[in-house]
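Analysis of the macromolecular model
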Amino acid sequence: MVASVTSFGRNGLSDWIIQRFTAVVLAAYTVFILGYLIYNPELTYEQWSGLFACTAMRIFSLLALLCIGAHAWVGLWTVSTDYMRSTAVRLSFQAFFGVVLFAYVVWGIQILWG
Amino acid sequence: MLVSIYRYNPEKDQVPYMEDIEVEIPEGRDLMVLDVLHLVKAKDSSVAYRRSCREGVCGSDGLNMNGKNGLACITPLSDVVKKGKLVIRPLPGLPVIRDLVVDMSMFYKQYEKIKPFLINDTPAPAIERLQTPEEREKLDGLYECILCACCSTACPSFWWNPDKFVGPSGLLQAYRFLADSRDTATQERLADLDDPFSVFRCRGIMNCVNVCPKGLNPTRAIGHIRGMLLQRST
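**Some words on the overall build of chain B**
Assigned secondary structure in chain B consists of 9 helices and 7 strands. Projecting the C-alpha coordinates of chain B onto the three principal axes gives extents of approximately 60 × 35 × 30 Å. Counting across all 234 residues of chain B, residues that qualify as buried make up 47%. Long-range contacts, defined here as pairs at least 24 residues apart, represent 64% of the contacts in chain B between residues at least 6 apart. Counting only carbon and sulfur atoms, one obtains 52% of the accessible surface of chain B, whose full area is about 11600 Å².

Here it is in structure tokens:
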């Protein structure tokens, strides 16, 4: 048993499930947005802001935003533990991207609900 | 034919280097790479490599031939030689002891970790522990592993974390005992594997399946282990 205190879900199984689940949500969100853009070639600002004003879309967008944060953390954590041998470099990398991802999530919420 | 061989003798060489040796291949015959190594050895007896059974059973001559891992004794030249040149290197990712001989300690340590033996605390029956043909069938494609290390040394996850990631070979063996109806330590075995590295460092790129000289599928076994871990925890 190899312990790890910096992984997202603290154990391999939850990290793995989180990554799979978030990938499905992100794929669904991407397909929806692309589909919406393709079926509305003459999209107006009112239509676009109307889409994001409805509660269902806000829930979906917020879910996708949180999923990006979790998905990116699992991925970056994996990359850092693969390629960064020095503990100081690895921890700094993880701390830096932890803050960046947190900032992106807060910024995204502000855009959605602001 | 031109054979380029990885050479390194820690007693003499500062750094490893590639040595080109011209070898006469007999007309009209498709030699195995191991035969070519014998021809090389006849020219330069200082070339070091492991070999034993020379028929793909012992697993001691795992090498990297023109970029792909395999057993030299059962790899025909026609399968690997491109543009008349054969490049032979030791298995990647393991420390080189000399020339094509690698230190397999890390590989064996991971194998040891998965407790590669049957655990059963119930009293032994008078004759043997019986299995139904269906239960026995579950071990097919698992027990055939000869521990040649071709798969684990083709796996980038094993290159980067050989001390933490069990590797495809070890995990294939782990599933061999998880799937065995006679083994009673399933829960303990799963608990030992449930961390971010031992199993889950596998990213499913299937290099292991691509190189296994016995045609086994460690990625599928790893998938089964994930399924069992999931079932145990949800």
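**Re the environment of A149(B)**
All names here are of chain B. Relative to the helices and strands, A149 resides in the loop between helix 4 (133-137) and helix 5 (156-160). Sequence-wise, A149 and C208 are 59 residues apart; in three dimensions their C-alpha atoms are separated by 9.6 Å. Sequence-distant contacts of A149, that is, excluding residues within four places in its chain, are made with L91, M104 and F107.

**Things to note about unusual backbone geometry**
Residues other than glycine predominantly adopt negative phi, and peptide bonds predominantly adopt the trans conformation. All names here are of chain B. Phi at N66 is positive, roughly 45 degrees, even though this residue is not glycine. Turning to its location among the elements, N66 is positioned in the loop between strand 3 (62-65) and strand 4 (68-71). The phi dihedral of L147 falls on the positive side, at around 55 degrees, and the residue is not glycine. For L147, the position within the fold is in the loop between helix 4 and helix 5.

**Points about the pairing of strand 1 (residues 2-7) of chain B**
Residue and element names in this part refer to chain B. Within strand 1, 5 of the 6 residues are buried, leaving the element largely enclosed by the surrounding structure. Across 6 bridges, the pairing between strand 1 and strand 2 (residues 17-22) is antiparallel. Note that in strand 2 the partner of Y6 across the bridge is M18. Bridge count between strand 1 and strand 5 (residues 85-89): 4 bridges; the pairing is parallel. Bridge pairing links I5 to I88 in strand 5.

**Structural notes on helix 9 (residues 218-233) of chain B**
Between its first and last C-alpha, helix 9 of chain B extends 23 Å over 16 residues, near the 22 Å set by a 1.5 Å rise per residue. For helix 9 of chain B, the secondary structure elements touched by its buried residues are helix 1 (12-39) of chain A together with helix 6 (167-178), helix 7 (186-193) and helix 8 (207-211) of chain B.

**Some remarks on helix 7 of chain B**
All names here are of chain B. Here helix 7 has its buried residues at T186, R189, L190 and L193. Burial along helix 7 is one-sided: seen end-on, the buried residues are contained in an arc of 95 degrees. Looking at the buried positions of helix 7, the neighbouring elements they touch are helix 6 and helix 9.

**Examining the interface of chain A and chain B**
Each partner contributes to the interface: chain A provides 17 residues, whereas chain B provides 18 residues. Where chain A touches chain B, the interface holds 1 salt bridge. The partner of D82(A) in a salt bridge is R201(B), with the nearest N and O atoms 2.9 Å apart. Viewed at the interface, chain B and chain A are joined by 7 residue pairs in polar contact (both at pLDDT 80 or more). Mapped onto the side of chain A that touches chain B, the elements with two or more residues apiece are helix 1 and helix 3 (55-83) of chain A. When its residues are assigned to classes, the side of chain A that touches chain B shows 7 nonpolar, 7 polar and 3 charged.

**Remarks on the packing of aromatic side chains**
Taken as a whole and judged by the stated rule, the model has 13 aromatic pairs over all chains. Relative to Y36(A), the ring of F32(A) has its centre 6.1 Å away and its plane inclined at 35 degrees; by these criteria the two rings are tilted. You can see F32(A) and its partner Y36(A) sitting in helix 1, 4 residues apart, about one turn around the helix. Judged by centre distance (5.0 Å) and plane angle (65 degrees), the rings of W48(A) and F52(A) are edge-to-face. Of the two residues, W48(A) and F52(A) both sit in helix 2 (residues 45-53), 4 residues apart, roughly one turn of that helix. In this structure W48(A) comes out as partly exposed when scored by relative accessible area, which is 29%. A network of ring pairs unites the aromatic residues Y29(A), F32(A), Y36(A), W48(A), F52(A) and F60(A) as a single cluster. Across the ring face of Y49(B), the terminal group of K41(B) is positioned such that the distance to the ring centre comes to 5.7 Å.

**Some remarks on the nonpolar core**
Membership of the largest hydrophobic core comes to 65 residues, with the highest contact counts inside it found for L37(B), L86(B) and I225(B). Among all residues touching L37(B), those that are not within four sequence positions of it are I5(B), Y49(B), L63(B), A72(B), I88(B) and L100(B). One finds I33(A), Y36(A), L51(A) and A64(A) within the second-largest nonpolar core, a separate group that totals 9 residues.

**Focus: the side chain of D61(B)**
Along the polypeptide, D61(B) turns up in the loop between helix 1 (33-43) and strand 3. An unpaired buried charge is present at D61(B): no salt bridge exists, and R51(B), the closest side chain of opposite charge, is 6.8 Å distant.

About the criteria used
Residues numbered from 1 in each chain as written. Chains lettered and ligands numbered in written order. Predicted model: local features only at pLDDT ≥ 70, side-chain atom pairs only at ≥ 80, totals over all residues. Heavy atoms only, no water. Helix = DSSP H or I, 4+ residues; strand = E, 2+ residues; numbered from the N terminus. Buried < 20%, exposed > 50% of the residue type's maximum accessible area, 1.4 Å probe, protein only. Contact = heavy atoms within 4.5 Å. Areas by Shrake-Rupley, 256 points an atom, 1.4 Å probe, with all protein chains shown as cover. Pairing = 2+ DSSP bridges. Expected span 1.5 Å × (residues − 1). Arc of directions from axis to C-beta. Salt bridge = Lys/Arg side-chain N within 4 Å of Asp/Glu carboxyl O. Polar contact = N/O pair within 3.5 Å; in protein donor to acceptor, adjacent residues only side chain to side chain. Nonpolar A, V, L, I, M, F, W, Y, C, P; charged D, E, K, R; others polar. Phe/Tyr/Trp six-rings, centres within 6.5 Å; stacked < 30°, edge-to-face > 60°. Lys NZ or Arg CZ within 6 Å of the ring centre and 35° of its normal. Core = buried A, V, L, I, M, F, W, Y, C linked by side-chain atoms within 4.5 Å. Lys, Arg positive; Asp, Glu negative; His and termini not counted.

Interpretation note: all reported values are geometric properties and have no functional meaning in isolation.
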